[in-house]
Amino acid sequence: THFLGRIEAHDARLNSFITVTADRALAAADAADARLAAGDAGPLTGIPLAQKDIFCTDGVRTSCASKMLDRFIAPYDATVVRKLHVEGGAVMLGKCNMDEFAMGSSNETSWYGPVHNPWDLERVPGGSSGGSVAAVAAGLAPAATATDTGGSIRQPAALTGLTGIKPTYGRVSRYGMIAFASSLDQAGVVAHTAEDAATVLHAMAGFDPLDSTSLDREVDDYSAGLGESIKGLRIGLPSEYFAEGLDPAVRSSIEVAIKQFEALGATVKEISLPNSPLSVPTYYVVAPAEASSNLARFDGARYGHRAEGVKTLEEMYKRSRGEGFGAEVQRRIMIGTYVLSHGYYDAYYLKAQKVRRLIYDDFRRAFEDVDVVLGPTTPAPAFKLGDKSEDPVAMYLNDIYTIAANLAGLPAMSVPCGLVDGLPVGMQLIGNFFEEGRLLNVAHQYQ
Ligand code: GLN
């Protein structure tokens, strides 16, 4: 009731929830009490959590912040939801606002309206997981799930002063998580601390036979390793991440953090990820290509919005999609269809796949010498609502530091590292495959 009360009192100004599931939450809290009394409780039993509205929730609207799915009630739970709420006994408070189909960096593409940053209501919370971070930052939920295709966990976490982790591709099941770009999408968590994130991530992660890209490998006990010393940790600073375009005040905050890591016994060296300038253009071929294919299922016939008064099948497809999808989603579908089309496939899509490999190779080489890569999460603190919404390229450049980890499939997190002009900024830690435990340990030692 504490968090439901806070949602009631404050969410009108933030717009961080699309759906609040108060009745269910109260019932789940009673069930958790019974489990606690019976001595059958786990680390999350009775803990309130919010779900990004991209995860299917049985019997509850799952909109992906799109008009297309405004009336879609999911008939089953995503694996993440099942693990957290059914098996783990966590209490679902509701479904968080987001950019439409997770496409965006400011939460302004939502059909349900933008989310406001609790640090300054005139600024964006980041995206696409803007609702998840605003809810947690404002104390409407202790932690929330989020997803990251090109930065959508780390960038909003940075802009709202939270800790957010995107695990290794394949670590958390994508079953029941509405697909944007399947080879990049990965679920994770946003919370106040690495310690909280470790507990939630541990409950979410693991092999799932229902997701063919899920990896069959034991999940480390992330919480157990948090206290380990980071003496001797080798940190790499990619020169490309500290180049032109980085706000000097953000750079200074990160330099202070680096000093603290040195004081904790870590060694720091400069490294190079020479292909990083190619990550944004590569992503904007690969992600729209996959999105155009994934979003083909929303045809007005099977689920989602159907235009009224249509006479032919083609008219139904065209009008349902034209009415149901917002401008950014339509832009991505058109780009994706174009780069996959005959005659352009080799020049764009195939080329992008090759560059993607080179971006991964950069990291592979880097991890021969260092344990973690450290840099900024975003070039600057939160911008004003409306500032970039008319300029897609300016918006896309927000993810300049985050996208490479998705293209390479690596785990990465954002950790709060101070304020610039009263607004939070984050530093990013990128680890080798399956090193989410190490990232959480490093973040916890810093915090
Ligand atoms: N901002 C990026 C995009 O618009 C990333 C989104 C995401 O990670 N879901 O595609």
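Note that the structure is a prediction, hence the values are computed from the model and not measured.

1. What to know about helix 14 (residues 436-446)
(1) Moving on: Of all the 11 residues making up helix 14, 10 are buried; the element is thus mostly covered by neighbouring parts of the structure.
(2) Moving on: Listing the buried residues of helix 14 in full gives E436, G437, R438, L439, L440, N441, V442, A443, H444 and Q445.

2. A few points about the packing of helix 8 (residues 279-294) against helix 11 (residues 346-369)
(1) Moving on: Interaxial distance between helix 8 and helix 11 falls to 9 Å at its minimum, and their mutual angle equals 125 degrees. The angle between the axes of helix 8 and helix 11 places the two elements in the oblique class. Pair helix 8 / helix 11 crosses with left-handed handedness. The segment helix 8 lies against helix 11, with S279, T282, V285, V286 and A289 engaging Y348, Y349, A352, V355, R356 and I359.

3. Here's the deal with the site of the ligand
(1) Moving on: Neighbouring the ligand are 13 residues; A102, S105, T149, G150 and S152 lie closest to it.
(2) Moving on: Across the shell around the ligand, the residue classes break down as 4 nonpolar, 7 polar and 2 charged.

4. Let's talk about the pairing of strand 7 (residues 234-238)
(1) Moving on: Summarising the sheet, strand 7 and strand 8 (residues 267-271) pair through 5 bridges and their orientation is parallel. The residue bridging P238 from the neighbouring strand is I271, located in strand 8.
(2) Moving on: With helix 7 (residues 248-263) bridging strand 7 and its parallel neighbour strand 8, the resulting β-α-β unit is right-handed.

5. What to know about the UniProt feature "active site" (unreviewed entry) in the chain
(1) Moving on: UniProt's feature table lists "active site" (unreviewed entry) at K52, S128 and S152, given in the numbering used throughout. A stretch of 101 residues holds the annotated residues, and the largest C-alpha distance among them is 11.2 Å, short enough that they meet in one place.
(2) Moving on: Inspection of the secondary structure puts K52 in strand 2 (residues 48-52).
(3) Moving on: Excluding residues within four positions of it along the chain, K52 makes contact with C96, M98, S129, S132, A144, T145, A146 and T147.
(4) Moving on: Tracing the chain through its elements places S152 in the loop between strand 4 (143-148) and helix 5 (154-159).
(5) Moving on: Classification of S152 as buried rests on a count of 36 C-beta atoms within 10 Å.
(6) Moving on: Contacts of S152, omitting those with residues within four sequence positions, involve A102, G127, S128, S129, A146 and T147.

6. Comments concerning the pairing of strand 11 (residues 423-431)
(1) Moving on: Taken across its 9 residues, strand 11 has 8 buried, putting it largely inside the fold.
(2) Moving on: Pairing between strand 9 (residues 372-376) and strand 11: 5 bridges, direction antiparallel. Bridging across to strand 11, G375 finds its partner in Q428.
(3) Moving on: Two strands pair when backbone bridges link them, and strand 10 (residues 412-420) and strand 11 are joined in this way by 7 bridges, in the antiparallel orientation. Considered in strand 11, the bridge of V420 is made with L423.

7. Describing the confidence of the model for the chain
(1) Moving on: Across the chain, pLDDT averages 97, with 100% of residues at or above 70.
(2) Moving on: Both scores are given for the predicted complex: the pTM is 0.97, the ipTM 0.97.

8. A word on the environment of L295
(1) Moving on: Position of L295 relative to the elements: it lies in the loop between helix 8 and helix 9 (313-324).
(2) Moving on: A sequence separation of 92 residues divides L295 from D387, and the C-alpha atoms of the two residues are 28 Å apart.
(3) Moving on: Once you skip the residues sitting within four places of it in the chain, L295 turns out to touch F101 and I333.

9. A word on unusual backbone geometry
(1) Moving on: Going from G127 to S128, the amide bond is cis rather than trans, its omega being 5 degrees.
(2) Moving on: With respect to the helices and strands, S128 occurs in the loop between strand 3 (91-96) and helix 4 (130-137).
(3) Moving on: Non-glycine residue N15 carries a positive phi angle of around 65 degrees.
(4) Moving on: Turning to its location among the elements, N15 is positioned in the loop between helix 1 (2-14) and strand 1 (17-20).
(5) Moving on: The backbone of N107 shows a phi angle near 60 degrees, a positive value even though the residue is not glycine.
(6) Moving on: With respect to the helices, strands and loops of the structure, N107 is situated in the loop between strand 3 and helix 4.

10. With respect to helix 11
(1) Moving on: Relative to the 34 Å expected for 24 residues at 1.5 Å per residue, helix 11 spans 35 Å between its end C-alpha atoms, a close match to the ideal helical length.
(2) Moving on: Taken as a whole, helix 11 has its buried residues at A352, R356, I359, D362, F363 and F367.
(3) Moving on: Looking at the buried positions of helix 11, the neighbouring elements they touch are helix 8 and helix 13 (403-408).

Calculation criteria
- Residues numbered from 1 in each chain as written.
- Predicted model: local features only at pLDDT ≥ 70, side-chain atom pairs only at ≥ 80, totals over all residues.
- Buried ≥ 20, exposed ≤ 12 C-beta atoms within 10 Å, placed from the backbone.
- Helix = DSSP H or I, 4+ residues; strand = E, 2+ residues; numbered from the N terminus.
- Axes fitted to C-alpha atoms, helices over the stretch in contact; angles between N-to-C directions.
- Parallel < 35°, antiparallel > 145°, perpendicular 65-115°, else oblique.
- Left-handed = near helix turned anticlockwise from the far one by under 90°.
- Contact = placed C-beta atoms within 7 Å.
- Near = placed C-beta within 6 Å.
- Nonpolar A, V, L, I, M, F, W, Y, C, P; charged D, E, K, R; others polar.
- Pairing = 2+ DSSP bridges.
- Right-handed = clockwise from strand over helix to strand, strands pointing away.
- UniProt positions renumbered as here; feature names shortened; annotations may be inferred.
- pLDDT = per-residue confidence, 0-100.
- Expected span 1.5 Å × (residues − 1).

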